[in-house]
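# Architecture and fold: a report
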Amino acid sequence: MSDDLIKAYSIIKRPILTEKTLMQKNLYNKLTFEVDPRANKIEIRKAVELIFKVDVVDVHTIKMKGKRKRIGRYWTKRPDWKKAIVTIKPGQKVELFEGV
């Protein structure tokens, strides 16, 4: 593996597969990923293009606050994370999302 590919996989952590994201994929050609909180839009664009071999049209990022949870009598907080919604060129597909 090249250094660029290793860096790309460290930026894109995992795809987010929910009913809403699958509807966005089918209707608007948008893919949703959990990404490294330190990554910017340019790095996310390059990583998606390198990993999935698609042309990225637009990238939107959102910082998500971790939820407060209760464990017994104690309150704790899940970690904050970053979400990226990536729009790809019409007509292109990502094999990872096609079987879902």
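Quantities reported herein were computed from a predicted structural model and do not represent experimental measurements. Just so you know, the residues in each chain are numbered from 1, in the order the chain's sequence is written. Only residues with pLDDT of 70 or above have their local features reported here, since the model is predicted, and side-chain atom pairs are shown and tallied only from 80 upward, although totals for entire chains, interfaces and linings are computed over all residues. Note that the side-chain values use all heavy atoms of the structure and ignore hydrogens as well as water.

### Focus on the overall build of the protein
Broken down by element type, the protein carries four helices and six strands. What you see in the protein, going N to C, is helices and strands ordered as α-β-α-β-α-β-β-β-β-α. With respect to the three principal axes, the spread of C-alpha positions in the protein is 50 × 35 × 20 Å. Among the 100 residues that make up the protein, the fraction classed as buried is 33%. Pairs of residues are marked as contacts when any of their non-hydrogen atoms sit within 4.5 Å. Contacts in the protein between residues far apart in sequence, at least 24 positions, make up 59% of those at least 6 positions apart. Using a 1.4 Å probe, accessible areas were evaluated by the Shrake-Rupley method; residue-level cover was limited to the displayed protein chains. Split by element, the accessible area of the protein, about 7,300 Å² in all, is 54% carbon and sulfur. None of His or the chain ends enter the tally, which takes Lys and Arg as positive and Asp and Glu as negative. Where a charge sits is defined by one atom per residue type, namely NZ (Lys), CZ (Arg), CG (Asp) or CD (Glu). In the protein, 24 positive and 12 negative side-chain charges are present, and the distance between their average locations comes to 11 Å. Helix and strand assignments come from DSSP, with helices taken as H or I runs of at least 4 residues and strands as E runs of at least 2, each series counted from the N terminus. Only protein chains enter the calculation, and the probe is 1.4 Å; a residue is then buried if its accessible area is under 20% of its type maximum, exposed if over 50%, and partly exposed in between.

### Notes on the pairing of strand 2 (residues 30–35)
Among the six residues in strand 2, five count as buried, and that is most of the element. Strand direction decides the pairing type here: strand 1 (residues 12–15) and strand 2, joined by three bridges, are antiparallel. Looking at the pairing, Ile12 lines up with Val35 of strand 2. Strand pairing is assigned whenever DSSP identifies at least 2 bridges connecting the two strands. Pairing of strand 2 with strand 6 (residues 81–88) involves six bridges; the strand directions are antiparallel. By the bridge assignment for strand 6, Lys30 is matched with Thr87.

### Focus on the packing of helix 1 (residues 3–11) against helix 3 (residues 41–52)
Working convention: axes come from line fits to C-alpha atoms, limited for helices to the stretch in contact. Angles between N-to-C directions cover 0 to 180 degrees. Axis separation between helix 1 and helix 3 bottoms out at 9 Å; the angle between their running directions is 115 degrees. Like other packed secondary-structure pairs, helix 1 and helix 3 cross with a definite hand, here left-handed. On helix 3, the residues that touch Asp4, Leu5, Lys7, Ala8, Tyr9 and Ile11 of helix 1 are Glu43, Ile44, Ala47, Leu50 and Ile51. All residues other than Ala, Val, Leu, Ile, Met, Phe, Trp, Tyr, Cys, Pro, Asp, Glu, Lys and Arg, Gly among them, are scored as polar; the first ten of these are nonpolar and the last four charged. Here the contact of helix 1 with helix 3 is composed, by residue class, of eight nonpolar, no polar and three charged. Crossing chirality is assigned from the near helix's rotation relative to the far helix, an anticlockwise turn below a right angle marking it left-handed and a clockwise turn marking it right-handed.

### Considerations on the pairing of strand 6
Burial runs high along strand 6: seven of the eight residues are buried. One ladder, built from eight bridges, connects strand 3 (residues 56–64) with strand 6; its direction is antiparallel. Bridging across to strand 6, Met64 finds its partner in Trp81.

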